[in-house]
Structures are given as C-alpha cells and as structure tokens.
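# Chain and residue survey
Residue-level listing of the chains:
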Amino acid sequence: MAAIEDRPALPVADPAPLGLAAFAFTTFLLSAHNAGWAPDIVWVGAALFYGGIAQLLAGMWEFRNRNVFGATAFSTYGAFWLSLGTFVLLLQVPALSKSVGNVDKALGWYILGFAIFNTYMMFWSARVNEAVFGVFLTLEITEILLCIGFFVLTSGGGDGFVKAGGWFGLLTAAVAWYASAAGVVNSMSPSPVLPVGRPLWGGQAEESTRRQRPLEA
C-alpha cells in the first residue's frame, strides 16, 4: 500500500486547447456584438457554459497539472465570463437594474479590474510562446479600448472606442483559436504542425514539453 501511495500522480490531458477554444468562442460572440454586428443576448449562454464553466474546468485541470500560469489564466477568465453573464442577466430584474444606476460606468470599472490582471499576465505570457503572448497582447488592447469606451459612454460618447474594442476582440478570438488549434494538432503529432513560436524571454522550454503543454511557462 505504501508503494502505491508514494507513486506520483499521472498528469491529465492538456486542458489548454479547451480553455483557449472556450475563451475564443465567447470573445468572438461578445466582440461581434460590441462591433455592432451581432445581437446582445447571443453571447450570454456561451459566457455561462463555454467561456465560463468549460474554461473554469480547464483552469482546475491546469492546477492538477501543476501549471500555475495556465491555472491562473483559465480560472480567472472562466470566472470573468460567469460573472459578466450573471451581471447581464441580473440587469433584467427591474429592481436590481435600478440599483446599479449607470451600467456603462459599472462595466468600465469591471473591465478595468481585469485589464490590470491581464497586464501582468501579458508580461508573463512572453515566457510561454509567441502565440500565447499574442492572445494576451490583443486582449490587453481590447480591454483598454472597452474600458475607455464604457467610461466615456457615461458622458455621451465612447461608442467608437467600444466598436474598436469589438474589432480587436475579434482579432483576440482569432489568435486564441489558432493557439487552441495548434495545441490540439501538435499534441497528436511527433513534431509540431502549427508553429506557436518561442518564449520571448526567460529561457527556452524543452521542445517536447512546449509542444504538448502550450500554456506552461
């Protein structure tokens, strides 16, 4: 029994492609709405179940794999989508929507908090690979534009910033989908099929590890 208990636990399959795909799809829907192309409610279900629950599960599996960066990123943005979708649903209750007051200002503060988180994660993502850094870089620009837009909307402007945030959000989704696709196909191949680039600083990860675990710094 002692020998069995001392045996190291096997890692689970890499959850990064799932987390990236969930993030990409939900970001795509919300960004299409912010750009003025898609209706508002279309993204809420995806925010709760795909970007929210599925991405949160990916974060929990990254904890299981001892990947601090991936666990922190996926768990935080899974909670981001769950909380944002819940906030929008609660606004449908008249008494609660009145208590919020200025919804645009509230969203500005909400996005600002996640932009602060994303800033340091963007710097640390440069230690992973170029594809993952691209996700956080485009997301950083998206969140800054949306934050400015929602704050300026309180004074009657800002629509252009929100639309620009939507366009950069679509770019963010495209980069995240690419990183997800690379994670799937590269884990199925003896050598990389879709390149994800090298770490920009902090040393070079071993090739086989980087191929199978695209979000591990």
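Scroll up a little and you will see the structure.
Note that the coordinates shown come from a computational prediction; the quantities given were computed from them, not determined experimentally.

Turning next to the packing of helix 2 (residues 16-34) against helix 3 (residues 44-64). Contact pair helix 2 / helix 3: the axes reach a minimum separation of 8 Å and the direction vectors enclose 155 degrees. Classed by the angle they form, the pair helix 2 and helix 3 counts as roughly antiparallel. Where helix 2 crosses over helix 3, the handedness of that crossing is left-handed. Residue-level inspection shows A16, L18, G19, A21, A22, F23, F25, T26 and L29 of helix 2 in contact with helix 3, the latter providing A46, A47, Y50, G51, A54, Q55, A58, W61 and E62. Broken down by class, the residue content of the contact of helix 2 with helix 3 amounts to 13 nonpolar, four polar and one charged.

In this structure, A13 sits in the loop between helix 1 (2-6) and helix 2. The exposure class assigned to A13 is exposed, which follows from its relative accessible area of 66%. Distance from A13 to S187, taken between C-alpha atoms, is 9.6 Å for residues 174 residues apart in sequence.

Cut-offs applied
- Residues numbered from 1 in each chain as written.
- Predicted model: local features only at pLDDT ≥ 70, side-chain atom pairs only at ≥ 80, totals over all residues.
- Heavy atoms only, no water.
- Axes fitted to C-alpha atoms, helices over the stretch in contact; angles between N-to-C directions.
- Helix = DSSP H or I, 4+ residues; strand = E, 2+ residues; numbered from the N terminus.
- Parallel < 35°, antiparallel > 145°, perpendicular 65-115°, else oblique.
- Left-handed = near helix turned anticlockwise from the far one by under 90°.
- Contact = heavy atoms within 4.5 Å.
- Nonpolar A, V, L, I, M, F, W, Y, C, P; charged D, E, K, R; others polar.
- Buried < 20%, exposed > 50% of the residue type's maximum accessible area, 1.4 Å probe, protein only.

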